[in-house]
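Observations on chain architecture
Residue-level listing of the chains:
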Amino acid sequence: MYDPSHLRTFLAVSQTLSFTQAARRLGLRQSTVSQHVRRLEEATGRRLFTRDTHAVELTEDGEAMLGFARRILAVHEQASAFFTGTRLRGRLRFGASEDFVLTRLPEILEGFRYDHPEVDLELTVELSGTLHEQLAAGKLDLVLAKRRPQDPRGRLVWHDRLVWIGAERLRLDPERPVPLIVFPPPGITRALAMEALERQGRPWRIVCTSTSLNGLVAAARAGLGVMAHSRRLVPPGLAPVPERAGLPELDPVDFVLVHGRRRASAQEAADALAAVILAGGDRLQRRQPG
């Protein structure tokens, strides 16, 4: 009833909220992406997206289709692997940025390990800038991390904007420097936060630095200051800083998958994990239970 290629296109549009970005990710024409979505909507008899010249949004039925599409594609891949007799093997060095510590990435990796038990998966959690450096040095095979939108590296998982977040009770004194909670260099959000404040001519001071997202979140929850963070990944206990605080608008970021040097022993496993992450990209935008 549901063509796997149409489901993959649907997932790409739902994660990027853009027919253009989905077409780039899939290597298709934008007209083909529209055709796939239209055919899937015809098959379901429901509208899956509302769209105009400015925005693309999932309908309630589209939200329901997300879970079905992921499960259908997962079973499709399992069946294909079973009947072709292919079993992935080898050592896969995968790097994920700190942004995903509180998301459902562990569930995605657990499913991958269950489907491919003979792949020796090594996980590195680091700052996005550090992961890109390690990838370039040949120390990693696949990276899930942030980049600036003008950076050509990688395959888009989703595009997002950064927002200022802090404890709900936090009040900023406009006469004093903005208290910043940041990752150390080469953190991308750190650089974007400082660049935005400098463009505005707003003084700032660093009140907390940590390589751990949990460390930054703890400082923010304690009311020490504000931090720049992905709008879709705001940790529990924190909230966007109100516009009346007068903080400058932050530049957007992309979350991407980037392959390293194609080691023969890791290439198939890296491609398989990338496919799983792309199919389940919307799950990365949801927090782990509890």
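Each remark here, short or long, concerns the structure printed above.
These remarks concern the structure in this document. Each chain has its residues counted from 1, running along the sequence as written. Owing to the predicted nature of the model, reporting of local features is limited to residues with pLDDT of at least 70; listing and counting of side-chain atom pairs is limited to 80 or more, with chain, interface and lining totals taken over all residues. With hydrogens and water stripped out, all remaining heavy atoms of the structure feed into the side-chain values.

Taking burial as the measure, the 12 residues of strand 6 (residues 155–166) include nine buried ones, the bulk of the element. Here strand 6 runs beside strand 11 (residues 252–259); their pairing, made up of six bridges, is antiparallel. Bridge pairing in strand 11 links arginine 155 to leucine 257. With four bridges joining them, strand 6 and strand 9 (residues 227–230) adopt antiparallel strand pairing. Each residue of the ladder has a partner; that of isoleucine 165, found in strand 9, is methionine 227. Only protein chains enter the calculation, and the probe is 1.4 Å; a residue is then buried if its accessible area is under 20% of its type maximum, exposed if over 50%, and partly exposed in between. Only runs of H or I of at least four residues qualify as helices and only runs of E of at least two qualify as strands under DSSP, and these elements are numbered from the N terminus. Whether two strands pair depends on DSSP finding at least two bridges between them.

Attention shifts here to helix 5 (residues 105–115). Because each turn of an α-helix spans 3.6 residues, side chains separated by three or four positions end up pointing in the same direction. The set of residues buried in helix 5 consists of Leu105, Ile108, Leu109 and Phe112. For helix 5, the arc enclosing every buried residue in end-on projection is 95 degrees, short of the 170-degree limit, so these residues lie on one face. Set apart from the buried face of helix 5 by more than 90 degrees, the exposed residues are Glu110 and Tyr114. A contact between two residues is defined here by any heavy atoms of the two lying within 4.5 Å. The elements touched by buried residues of helix 5 are strand 3 (90–97), strand 4 (119–126), strand 5 (142–147) and helix 9 (264–279). The arc in question is the one spanned by the directions pointing from the helix axis to the C-beta atoms.

Remark: the centre distance and the inter-plane angle together describe each pair of aromatic rings, the angle taken between the planes. Aromatic pairing here means that ring centres of Phe, Tyr or Trp (its six-membered ring) are within 6.5 Å. Orientation follows from the plane angle: under 30 degrees is stacked, over 60 is edge-to-face, and everything else is tilted. Counted according to the given criterion, the structure contains five aromatic pairs. Each ring, one from phenylalanine 100 and one from phenylalanine 255, has its centre 5.5 Å from the other, and the planes form 70 degrees; the classification is edge-to-face. With phenylalanine 100 in the loop between strand 3 and helix 5 and phenylalanine 255 in strand 11, the pair connects residues that are 155 residues apart, well separated along the chain. Both residues of the pair, phenylalanine 100 and phenylalanine 255, count as buried. One aromatic cluster is present, formed by Phe10, Phe19 and Phe49 through successive ring pairs.

In short, the description is geometric, and any link to function would need to be established separately.
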